[in-house]
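Observations on chain architecture
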Amino acid sequence: MTYTLPPSEQQDEQSTRAVATSRGVESPAPKGRNRGRIALKNLRREIPSSVLAIMFIFLIVLPMIFIIIAAFSTAVPRPGNPDVGTFTWENFAILGTERGVQSIINSMIIGTGAGLLSLLIGALLAFIAARTDAPWKRFIYIAGIAPMFLPALVGALAWSILASPTSGHLTLFLRDIGLGGGINIYSYGGIIFVLGLYYAPYTFMLTYSSFAMMNADLEEAASVHGAGLRKLFGSVTLPLAVPALAGAAILSFTLAMENFPVNAILGNPAGIETLPTYIYGLMVGDPQPNAAAAIAIALTAAVVIVTVVQQRVVNRKRFTTLTGKGNRPRPVPLRGLRWVATGFAVLYFTLSVGMPMIALVLTATSKNVYINRFMDLFEGFSFDRIAQAVGQSDFRDSMMNSIIMAVAAAVVGTLIAFLASYVRYRSTSRLGQLLEQIAMSPLAIPQVVLGMGILWVWLSLPFPVYGTIALLVIATLAVNMPQGYRSISSSMLQLDGDLENSAVMLGAGRMRAVRNVTIPLMRTGIVSTLLLLLMLGLREMSAILFLYTSDTRVLSILVFHSFENGSISYSAAISLVFVLLIAVVAIATQVIGIRERKFKDASL
């Protein structure tokens, strides 16, 4: 049966074809040609994400593959020799030796102790700052995050000056007033104390928003039914904050487990060896790279297992308390404990920032290098030692290397993080989710392990980057990629994609829309990410332990080596300049943040 279009429809179809012909629109192509065009279009769409994927492979994936190969083989790939030997389990036998077992036990003790201490300090400060009526809440907030700007390396150095069992400032002071010594920072307790102090800000930042957004109606209901402050805190507030507390505890435990500088500075004098220092010893002393790789695999596996356990704990219950009904946060009355809470914040700031900085200043400026009494510190001051340290070529070269490395890693890292985040959240690429997973994966890999893999990869590849700053930039990029990606992504998710799409619909090309719409609107997030990566790059040490040479040494390495060589006053002088450099970046971050908030408020 033949169907004939009505005259009007025939005319419309003819007119449509005529319009299409007049506009140069071709008639529908055959199916095979269409499939080819679609495939070509899909291929072009995946080109940017494929380029990013290749970069991530060189930055993160290949180093881990090399670590795994080295752990299960009898050789390590070296320049000009791709042979990896034969498969073996014998490398893991080192974990069963007395030294290996003791390193595992030490790491577990220090990781658990530091994780619990940082959780206690950080969560308590966050609760006081976010939910209570304690005075000086602005200061409490600053005290909660201030130690982040003091590298743990410098903190450990300062506390070794303060609480050394023989000549520490506090030890001498107590001895002079007749209370004897009794303080020994070179111990399990000392390492846990220092790590807990300098990882508490991570707990503070992770739990502060959770406490601030908590629905106060639940606490009020408990209070109406007769619950006291302790009962309310233990039965309502803490259980509701379990996801944030569990995440903070796992993060602190992981950071303490994989920390190298604090464990090296405070653990080595007491013979306390942890897994990172054991790996370092196996790489630089009597080189046993395959055994070091086996320990690295064990360390990474421990971190992954703990992370999975944390996810299971959190996913068992629902913790939603903030709904569409709105929330009116009300401070928890501390009554007679108001100033006690503020005093706790003052004590924490004194121990984590005040006393370490005073110790560094006194050591760097005191005329007496060796002291037998506490008052010897105050017999005269001079800035000659600082001037001498700053004038040395080692310091100038290391400082220049640090700045070049940090700036390059921050600029390139921000660019890669922006592109990866754009592919993930603003494109239809099939590789977007994979890119995100790879970008975040270094969180589960200890920095010293990733640095070891990067060394083997770039020694095997035909690119002459070993012995140059470029290799340090690559390592810094890899270990700090999760922080950069997460920071950029949070800004990307806050920006509605319709703004950029509207520009495209009005005739702008995609690149022009990104350049003129998306980037200007995200400039706060981009600049913040840049400064965050700059600060992390200046502090970096663990990932570049195996990568630097005498020509590419950076400030953190110089401080560490000066301390190892016994030049305490020189390392204190360098540390002061090091902290000053980081402080400038941190202050710039705050100033930019304040200016951007004012700009936004003015534009509303």
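1. Observations regarding the overall build of the protein
If you tally the helices and strands in the protein, you get 24 helices and zero strands. A buried classification covers 49% of the 604 residues belonging to the protein. In the protein, 76% of the contacts between residues at least 6 apart in sequence involve partners at least 24 apart. Total accessible area computed for the protein in this model is approximately 29800 Å², and 64% of it derives from carbon and sulfur atoms.

2. So, empty space enclosed by the protein
Counting across every chain of the model gives one cavity of 30 Å³ or more. Every element with two or more residues in the lining of the largest cavity is listed here: helix H16 (393-426) and helix H19 (469-494). Sort the elements by how many residues they give to the lining of the largest cavity and H19 lands first, with five residues. Of the residues belonging to the lining of the largest cavity, the class tally is five nonpolar, four polar and no charged.

3. Let's talk about the pattern of salt bridges
Taken as a whole and assessed by the stated rule, the structure comprises seven salt bridges. For Arg553, the salt bridge is made with Asp394, and the minimal N-O distance between the two is 3.3 Å. One end of the pair, Arg553, is in the loop between helix H22 (523-539) and helix H23 (555-564); the other, Asp394, is in helix H16, and 159 residues separate them in sequence. Note on Arg553: relative accessible area 18%, which makes it buried. Residue classification places Asp394 among the partly exposed residues on the basis of a relative accessible area of 35%. In this structure, Arg424 and Glu436 form a salt bridge, with 3.2 Å as the shortest nitrogen-oxygen distance. Note that Arg424 is positioned in helix H16 and Glu436 in helix H17 (residues 432-440), a separation of twelve residues in sequence. Among the residues examined, Arg424 registers a relative accessible area of 26% and is labelled partly exposed.

4. Description of the packing of H19 against H22
Where H19 meets H22, the axes come as close as 9 Å, and the angle between the chain directions of the two elements is 160 degrees. Here H19 lies roughly antiparallel to H22, going by the angle between them. In this structure, H19 crosses over H22, and the sense of that crossing is right-handed. Two secondary-structure elements touch here, H19 through Thr476, Asn480, Gln483, Gly484, Ser487, Ile488 and Ser491 and H22 through Gly525, Ile526, Thr529, Leu532, Leu533, Leu536 and Gly537. Along the lines of polarity and charge, the residues of the contact of H19 with H22 split into five nonpolar, nine polar and no charged.

5. Description of unusual backbone geometry
In the Ramachandran plot, Trp136 falls in the positive-phi region, its phi being about 60 degrees despite a non-glycine side chain. With respect to the element layout, Trp136 can be found in the loop between helix H3 (98-131) and helix H4 (137-145).

6. Structural notes on the layout of surface pockets
By volume, the second largest pocket amounts to about 610 Å³. What lines the second largest pocket is a set of 23 residues, among which Phe418, Leu419, Tyr422, Met511 and Val514 lie closest to the centre. When residues of the lining of the second largest pocket are traced back to their parent elements, those giving at least two are helix H2 (31-71), H16 and helix H21 (510-521). When residues of the lining of the second largest pocket are assigned to their parent elements, the largest contribution, eight residues, is made by H16. The residue makeup of the lining of the second largest pocket, split by class, is 15 nonpolar, four polar and four charged.

7. Describing helix H12 (residues 275-284)
Of all ten residues in H12, eight are buried, a share of seventy percent or more. Among the residues of H12, Leu275, Pro276, Thr277, Tyr278, Ile279, Tyr280, Leu282 and Met283 are the ones counted as buried.

8. Remarks on the environment of Ala588
Relative to the helices and strands, Ala588 is located in helix H24 (residues 568-603). Measuring from C-alpha to C-alpha, the distance between Ala588 and Ser528 comes to 9.6 Å, with 60 residues separating the pair along the chain.

9. Some words on the packing of aromatic side chains
If you walk through the whole model with that rule in mind, you get 22 aromatic pairs. Geometrically, the ring pair formed by Phe58 and Trp458 is tilted, given 6.2 Å between the ring centres and 45 degrees between the ring planes. Residue Phe58 is located in helix H2, and its partner Trp458 is located in helix H18 (residues 447-460); the two are separated by 400 residues in the primary sequence. On the accessibility criterion, Phe58 (28% relative accessible area) is partly exposed. An angle of 70 degrees between the planes, with centres 5.5 Å apart, marks the rings of Phe374 and Phe378 as edge-to-face. Its relative accessible area of 19% is what places Phe374 among the buried residues.

Cut-offs and rules
Residues numbered from 1 in each chain as written. Predicted model: local features only at pLDDT ≥ 70, side-chain atom pairs only at ≥ 80, totals over all residues. Heavy atoms only, no water. Helix = DSSP H or I, 4+ residues; strand = E, 2+ residues; numbered from the N terminus. Buried < 20%, exposed > 50% of the residue type's maximum accessible area, 1.4 Å probe, protein only. Contact = heavy atoms within 4.5 Å. Areas by Shrake-Rupley, 256 points an atom, 1.4 Å probe, with all protein chains shown as cover. 1 Å grid on protein atoms, 1.4 Å probe; cavity = no way out; pocket = protein on both sides within 12 Å on 5 of 7 lines; lining within 4 Å. Points joined across faces, edges and corners; volume = space filled by probe spheres on them. Nonpolar A, V, L, I, M, F, W, Y, C, P; charged D, E, K, R; others polar. Salt bridge = Lys/Arg side-chain N within 4 Å of Asp/Glu carboxyl O. Axes fitted to C-alpha atoms, helices over the stretch in contact; angles between N-to-C directions. Parallel < 35°, antiparallel > 145°, perpendicular 65-115°, else oblique. Left-handed = near helix turned anticlockwise from the far one by under 90°. Phe/Tyr/Trp six-rings, centres within 6.5 Å; stacked < 30°, edge-to-face > 60°.

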